[in-house]
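Structural features, examined
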Amino acid sequence: MDIKNAQKIVDQWIKEHGVRYFNELTNMAQLTEEVGEVARIIARRYGEQSEKESDKNKDLGEELADVLFVVLCLANQTGVDLQQAFDKRMDKKAKRDHDRHHNNQKLK
């Protein structure tokens, strides 16, 4: 699925099930909350913190999908074509960073 299609699917879901989009500030707070949930899993599962029993069944993929959902909501409600923006960003990164990481001694 491409990003443009994902934006359409989210918009359709909002119209059918969500009544309307939360306002942009509410969605920004939601995004922060969802990123925090991802950070919690990463810190405990892959970092040095111990994982609580209640967190062991949390699905990282589902939490990342929650982040993506809110990002798509924010793009929709602010008129951002995220596919176009992503493609432009990847092109810029490919040109700007073509050799950057290959020449980074820290990565060798």
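Residues numbered from 1 in each chain as written. Predicted model: local features only at pLDDT ≥ 70, side-chain atom pairs only at ≥ 80, totals over all residues. Heavy atoms only, no water.

1. Quick notes on the environment of Ala6
Tracing the backbone shows Ala6 in helix H1 (residues 3-18). Given a relative accessible area of 12%, Ala6 falls into the buried group. The residues contacting Ala6, other than those within four sequence positions of it, are Met1 and Leu72. (Helix = DSSP H or I, 4+ residues; strand = E, 2+ residues; numbered from the N terminus. Buried < 20%, exposed > 50% of the residue type's maximum accessible area, 1.4 Å probe, protein only. Contact = heavy atoms within 4.5 Å.)

2. Here we look at the packing of H1 against helix H4 (residues 82-96)
When two helices pack together, their arrangement is captured by the angle between the axes and the distance separating the axes. Between H1 and H4, the shortest axis-to-axis distance is 7 Å and the interhelical angle comes to 150°. As summarised for this structure, H1 and H4 are arranged roughly antiparallel, according to the angle between their axes. In this structure, H1 crosses over H4, and the sense of that crossing is right-handed. Residue-level contacts link Ile3, Lys4 and Gln7 of H1 to Leu82, Gln83 and Phe86 of H4. (Axes fitted to C-alpha atoms, helices over the stretch in contact; angles between N-to-C directions. Parallel < 35°, antiparallel > 145°, perpendicular 65-115°, else oblique. Left-handed = near helix turned anticlockwise from the far one by under 90°.)

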